[in-house]
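Residue-level structural notes
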Amino acid sequence: GENVEQHPSTLSVQEGDSAVIKCTYSDSASNYFPWYKQELGKRPQLIIDIRSNVGEKKDQRIAVTLNKTAKHFSLHITETQPEDSAVYFCAASPIRFGNEKLTFGTGTRLTIIP
Amino acid sequence: NAGVMQNPRHLVRRRGQEARLRCSPMKGHSHVYWYRQLPEEGLKFMVYLQKENIIDESGMPKERFSAEFPKEGPSILRIQQVVRGDSAAYFCASSPTATNEKLFFGSGTQLSVL
């Protein structure tokens, strides 16, 4: 089955600086890579996703890059703000025949220092 | 659209009792996933169900755990004879299609076993 590793487990950055979180996956069949944000005591929420036919995707201050050859993908947050403080999870899934499940990384606790 | 509804939000059980966790997917969603989250850890897949069918239960412990998604009513995750190690947050997610893109999570049920 799929195995997703995520680094770092904790990350502190000054407000306004950039944050980068990296994930690797093991199953070469994986082709869908979402990122979820979970604030303390709340539900995980999808913030951005990417498919394997795309190398990069941006949405305002958030971007995700994918390197299929190396089997890794990264989340980039620029101009960080206090409300970006949360736990971020990467995930991977093959979407071939349907009925596939997401495999999540172990999460990165991001703290933005004012 | 009320979103994915889980209840109860908090559930306290003594060792040996039964825990029943409920999940009502978003309107129009017929695919339900259950995930377990231990403190400071990621989301671990448990089971994937469609109406009246278990599609993938590879993440479910072999004993004491069961899940259903009847034709009418919410999906139920049932844990019999709970032990302290079952204490965790249990999240339900739903999607409109079998490809599990755009998963929408509920707020979770925090199970505490005394």
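Residues numbered from 1 in each chain as written. Chains lettered and ligands numbered in written order. Predicted model: local features only at pLDDT ≥ 70, side-chain atom pairs only at ≥ 80, totals over all residues. Heavy atoms only, no water.

What to know about the interface of chain B and chain A
If you look at the interface, chain B gives 25 residues, while chain A gives 22 residues. Together, the buried faces of chain B and chain A total about 1900 Å²; carbon and sulfur atoms form 48% of this surface. Linking chain B with chain A are one salt bridge. Close ionic contact of K101 of chain A with D56 of chain B constitutes a salt bridge, the shortest N to O distance being 3.1 Å. For the pair chain B and chain A, the number of links is six residue pairs in polar contact (both at pLDDT 80 or more). Put simply, the parts of the chain that give the side of chain B that touches chain A at least two residues each are β4 (31–37), β5 (43–50) and β6 (53–56) of chain B. (Contact = heavy atoms within 4.5 Å. Buried area = accessible area lost by both parts, 1.4 Å probe. Salt bridge = Lys/Arg side-chain N within 4 Å of Asp/Glu carboxyl O. Polar contact = N/O pair within 3.5 Å; in protein donor to acceptor, adjacent residues only side chain to side chain. Helix = DSSP H or I, 4+ residues; strand = E, 2+ residues; numbered from the N terminus.)

Here's the deal with unusual backbone geometry
With an omega dihedral of -5 degrees, the bond running from H7 of chain A to P8 of chain A counts as a cis peptide bond. Its place among the elements puts P8 of chain A in the loop between β1 (4–7) and β2 (10–14). With a phi close to 75 degrees, R64 of chain B is a non-glycine residue in the positive phi region. Inspection of the secondary structure assignment puts R64 of chain B in the loop between β6 and β7 (65–68). Phi angles above zero are rare outside glycine, and Q81 of chain B is one such case at about 45 degrees. With respect to the helices and strands, the residue Q81 of chain B is situated in the loop between β8 (75–79) and β9 (88–95).

Focus: the sheet that holds strand β3 (residues 19–24) of chain B
All names here are of chain B. Taking strand neighbours across the sheet as the criterion, the four strands line up as β1-β3-β8-β7 in an open arrangement whose pairing is antiparallel. Taken across any chain shown, the strands that pair with only one partner, and hence form the sheet edges, are β1 (5–7) and β7. Each strand of the sheet is rotated relative to its neighbour by a mean of 15 degrees, with strand direction disregarded. In this sheet, β8 lies alongside β3 in antiparallel orientation, the contact comprising five bridges. Across the sheet, residue R20 finds its bridge partner in β8, namely R78. (Pairing = 2+ DSSP bridges. Axes fitted to C-alpha atoms, helices over the stretch in contact; angles between N-to-C directions.)

So, the sheet that holds strand β6 (residues 56–59) of chain A
By definition, the strands of a sheet pair up through backbone hydrogen bonds, in either a parallel or an antiparallel sense. Residue and element names in this part refer to chain A. Strands sit in the order β1-β3-β8-β7-β6 across an open sheet of five strands; the sheet is antiparallel. Every interior strand has two partners, whereas the edge strands, β1 and β6, have only one. Across the sheet, the mean angle separating the axes of adjacent strands is 15 degrees when strand polarity is ignored. Pairing of β6 with strand β7 (residues 62–67), which is carried by four bridges, proceeds in the antiparallel orientation. Counted as the bridge partner of D59 is I62 from β7.

Honestly, it's all geometry; don't read function into it.
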